[in-house]
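One-letter residues, chain by chain:
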Amino acid sequence: MSHHHHPSRRDFLGQLGAGAALGLGIQSAWASELIDPQAPREPHFPAKAKAVIWLHMAGAPSTLDLFDYKPDLIRLAGTPLPDSFGRNLKTATDGGVGNLLATKRTWKQHGETGAWVSDLLPNLSKQVDQIAFLKGCKTEGSTHVISSLKLHTAGLVPGRPALGAWVQYALGSSNPDLPAFVVLPTGKGAAGGGRGQVIWSSGFLPAAYQGTAFRQGDSPILHLARPANLSEAEQRNTLALLKSLNEHQSAGFPNDTELQARTRSYDLAFRMQSSAPEAVDMSKETAATKELYGIGQKETDEYGTALLRARRLVERGVRFVHCISGAPDNSVDSWDAHNGLEKNHGVMCKQVDKPVAGLLADLKSRGLLESTLVVWTSEFGRTPYGQSGDGRDHNPWGYTSWLAGGGIKPGTHGATDEIGLRAVSGVVDTYDLQATILHQLGLDHKKITFLNQGRSEKPTSVFGDVVKEILV
């Protein structure tokens, strides 16, 4: 049995019965995988990236105002959407189609790649030579929840595993003292439900593979500190008793992965008591590094702290860090600018611009960028036509995402039409994005399988092609 297929416990028990009936031996690799989801596993082929830092811009920025420079949109601003563009347009929400809208942006080309970036992202514009811009992105669904599920789980309804859970399932952990899949939510705001726990769920995979959410602040992991009056030996004995009780109970319910996950989470939590606080301890970082991420400045402190933590985590072998942006204050809800786009994007860009640029510069200076894949994306983009006069509606038909590091070739790939409504070349669906990320981790998205209720499931279901043009 190759490592391309990791059986579920139910598979294993079924096969065990069949194997016994046929007098076959069971490969020990199976047993070890069942015993420990953290056990490291080999990729399908040599990996370009060891880790992913996924920057989810929850609520969906207008990439038309950040990366997708459209002189025609600026020229036609204030006029109705031309019929030729509006054909077969199923508007995303009920806001109707207003006139074309151009914001007060100054656009310039940057770096050797000549990538266009607006004045909303002055720090990130200095890092364009690390970045592959995917300007022909598209997706399905027009609500935050549905499109966010598709982006993270390749499904339009809840119940499928997040990409980070698949990565942990396929590769295990490279540091047994830390979770392989960590989630760092920041800020406030619901972003229409596009930042809830369902987007880092383990779905139908065993529960041990779900993302571990860290809070902001000095003790990001709840209940991790040992109670003051408990010695390490006493705690170890208590956990050993708990483990044996759980294992006794678990033996009677072999398909209950929740119970197994709970037992393992106690073990992991015990090991994390020394490793996790050190992993997220900012006091070890120099003043210059903190300044690079904008830590200590009001607008960038929280998001910058999350991204510096992300770097510390991948440095220590965490495979997938999922950073979710939220509003830094109550003046805006998220990137979801149906109205007041100038104010909204002013606030949101100030929050992420310096930390994201700092992350790329810091990874590069430490020699970590070539083995770390940084992904900037959102559930969809925003329309070139206005809504409520000064905002933009949801646009699943054409928007920009980007990748950096991890064996990715910088430059611009794909395009939207003249006004930025629809992807017209180099079209990249969320399935293709996921397939490409898995490929850089040494994984063939079609060969990672899990038997769920008799059906062989894959990370991107049956879709997705690796975007070969952006690979080194």
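Residues numbered from 1 in each chain as written. Predicted model: local features only at pLDDT ≥ 70, side-chain atom pairs only at ≥ 80, totals over all residues. Heavy atoms only, no water.

### Describing the overall build of the chain
- Helix and strand content of the chain: 12 helices and 17 strands.
- By residue count, 54% of the 472 residues in the chain fall in the buried class.
- A separation threshold of at least 6 residues defines the contact pool for the chain, and within that pool the share at least 24 residues apart is 77%.
- As displayed, the chain offers around 19,500 Å² of accessible surface, 54% of which is attributable to carbon and sulfur atoms. (Helix = DSSP H or I, 4+ residues; strand = E, 2+ residues; numbered from the N terminus. Buried < 20%, exposed > 50% of the residue type's maximum accessible area, 1.4 Å probe, protein only. Contact = heavy atoms within 4.5 Å. Areas by Shrake-Rupley, 256 points an atom, 1.4 Å probe, with all protein chains shown as cover.)

### Observations concerning the packing of aromatic side chains
- Under the criterion given, the structure shown has 14 aromatic pairs.
- Ring geometry for Phe-67 and Phe-133: centres 5.3 Å apart, planes at 50°, overall tilted. Residue Phe-67 is located in the loop between strand 1 (51-56) and helix 3 (71-76), and its partner Phe-133 is located in strand 4 (residues 131-138); the two are separated by 66 residues in the primary sequence.
- Residue Phe-133 is classed as buried on the basis of its relative accessible area, which comes to 2%.
- Grouped by ring-pair contacts, the aromatic residues Phe-67, Phe-133, Trp-335, Trp-376 and Trp-402 constitute a single cluster. (Phe/Tyr/Trp six-rings, centres within 6.5 Å; stacked < 30°, edge-to-face > 60°.)

### Here we look at a nonpolar patch on the surface
- A surface patch of nonpolar side chains, amounting to about 230 Å² of accessible area, comprises Ile-146, Leu-156 and Val-157.
- Among the residues examined, Val-157 registers a relative accessible area of 56% and is labelled exposed. (Patch = residues over 30% accessible without salt bridge, like charges linked within 9 Å, V, L, I, M, F, W, Y side chains within 5 Å. Salt bridge = Lys/Arg side-chain N within 4 Å of Asp/Glu carboxyl O.)

### Here's the deal with the nonpolar core
- If you look at the biggest cluster of nonpolar residues, it comprises 54 residues, and the most contacted ones within it are Leu-124 and Trp-402.
- Per element, the largest residue contribution to this core is 9 residues, and it comes from helix 11 (residues 341-365).
- Core analysis: the next-biggest nonpolar cluster, separate from the first, contains 45 residues, Leu-151, Leu-205, Tyr-209 and Val-467 among them. (Core = buried A, V, L, I, M, F, W, Y, C linked by side-chain atoms within 4.5 Å.)

### Some thoughts on the pairing of strand 2 (residues 107-110)
- Bridge count between strand 2 and strand 3 (residues 115-118): 4 bridges; the pairing is antiparallel. When the bridges of strand 3 are listed, Lys-108 appears paired with Val-117.
- Counted between consecutive antiparallel strands, the loop separating strand 2 from strand 3 contains 4 residues, among which Gly-111 sits at a positive phi close to 65°. (Pairing = 2+ DSSP bridges.)

### Some details on the side chain of Thr-153
- You can see Thr-153 is positioned in helix 5 (residues 144-153).
- Owing to a relative accessible area of 1%, Thr-153 belongs among the buried residues under this scheme.
- Residues in contact with Thr-153, not counting those within four places in the same chain, are Arg-160, Pro-161, Ala-162, Val-198, Gln-434 and Pro-459.

### Examining the environment of Gly-96
- Along the chain, Gly-96 turns up in the loop between helix 4 (83-86) and strand 2.
- For the pair formed by Gly-96 and Tyr-385, sequence separation is 289 residues and the distance between their alpha carbons is 9.6 Å.
- For Gly-96, the residues in contact, after removing those within four places along its chain, are Tyr-385 and Gly-386.

### Digging into the packing of helix 10 (residues 301-315) against helix 11
- Contact geometry for helix 10 and helix 11: axes closest at 9 Å, N-to-C directions at 20°. Taken together, the axes of helix 10 and helix 11 are roughly parallel relative to one another. Like other packed secondary-structure pairs, helix 10 and helix 11 cross with a definite hand, here right-handed. From helix 10, Tyr-303, Gly-304, Leu-307, Leu-308 and Arg-311 reach across to helix 11, where they touch Gln-351, Val-352, Pro-355, Val-356, Leu-359, Asp-362 and Leu-363.
- Looking at the contact of helix 10 with helix 11, its residues break down into 8 nonpolar, 2 polar and 2 charged. (Axes fitted to C-alpha atoms, helices over the stretch in contact; angles between N-to-C directions. Parallel < 35°, antiparallel > 145°, perpendicular 65-115°, else oblique. Left-handed = near helix turned anticlockwise from the far one by under 90°. Nonpolar A, V, L, I, M, F, W, Y, C, P; charged D, E, K, R; others polar.)

### Looking at helix 11
- Compared with the 36 Å implied by 1.5 Å per residue over 25 residues, the 35 Å span of helix 11 between its first and last C-alpha is a close match.
- At Cys-349, helix 11 shows its maximal kink, close to 30°.
- In terms of burial, helix 11 is a largely internal element, 18 of the 25 residues being buried.
- Looking at the residues trailing helix 11, positive phi occurs at Gly-367, about 70°. (Expected span 1.5 Å × (residues − 1). Bend = angle between axes of the 7 residues up to and from the residue.)

### Examining unusual backbone geometry
- One non-glycine residue, Ala-60, lies in positive phi territory at about 80°.
- Note on placement: Ala-60 falls in the loop between strand 1 and helix 3.
- The buried category is assigned to Ala-60, whose relative accessible area is 0%.
- Despite not being glycine, Ala-154 shows a phi value in the positive range, around 60°.
- Checked against the element boundaries, Ala-154 lands in the loop between helix 5 and helix 6 (163-171).
- With a relative accessible area of 5%, Ala-154 lands in the buried category.

### Some words on the packing of helix 5 against helix 12 (residues 430-440)
- In contact at an axis separation of 8 Å, helix 5 and helix 12 are set at 25° when each is read in the N-to-C sense. As summarised for this structure, helix 5 and helix 12 are arranged roughly parallel, according to the angle between their axes. Classified by chirality, the crossing of helix 12 by helix 5 is right-handed. Contacts between helix 5 and helix 12 pair Lys-150, Leu-151, His-152 and Thr-153 from the former with Thr-430, Tyr-431, Leu-433 and Gln-434 from the latter.
- A class-by-class count of the residues in the contact of helix 5 with helix 12 yields 3 nonpolar, 4 polar and 1 charged.

### Quick look at helix 10
- Taking 1.5 Å per residue, 15 residues should reach 21 Å; helix 10 reaches 21 Å between its end C-alpha atoms and fits that length.
- When you tally the buried positions in helix 10, you get 12 out of 15 residues, the bulk of the element.
- Those residues of helix 10 that sit buried are Tyr-303, Gly-304, Thr-305, Ala-306, Leu-307, Leu-308, Arg-309, Ala-310, Arg-311, Arg-312, Leu-313 and Val-314.
- Positive backbone phi, approximately 95°, marks Gly-317, located one or two places after helix 10.

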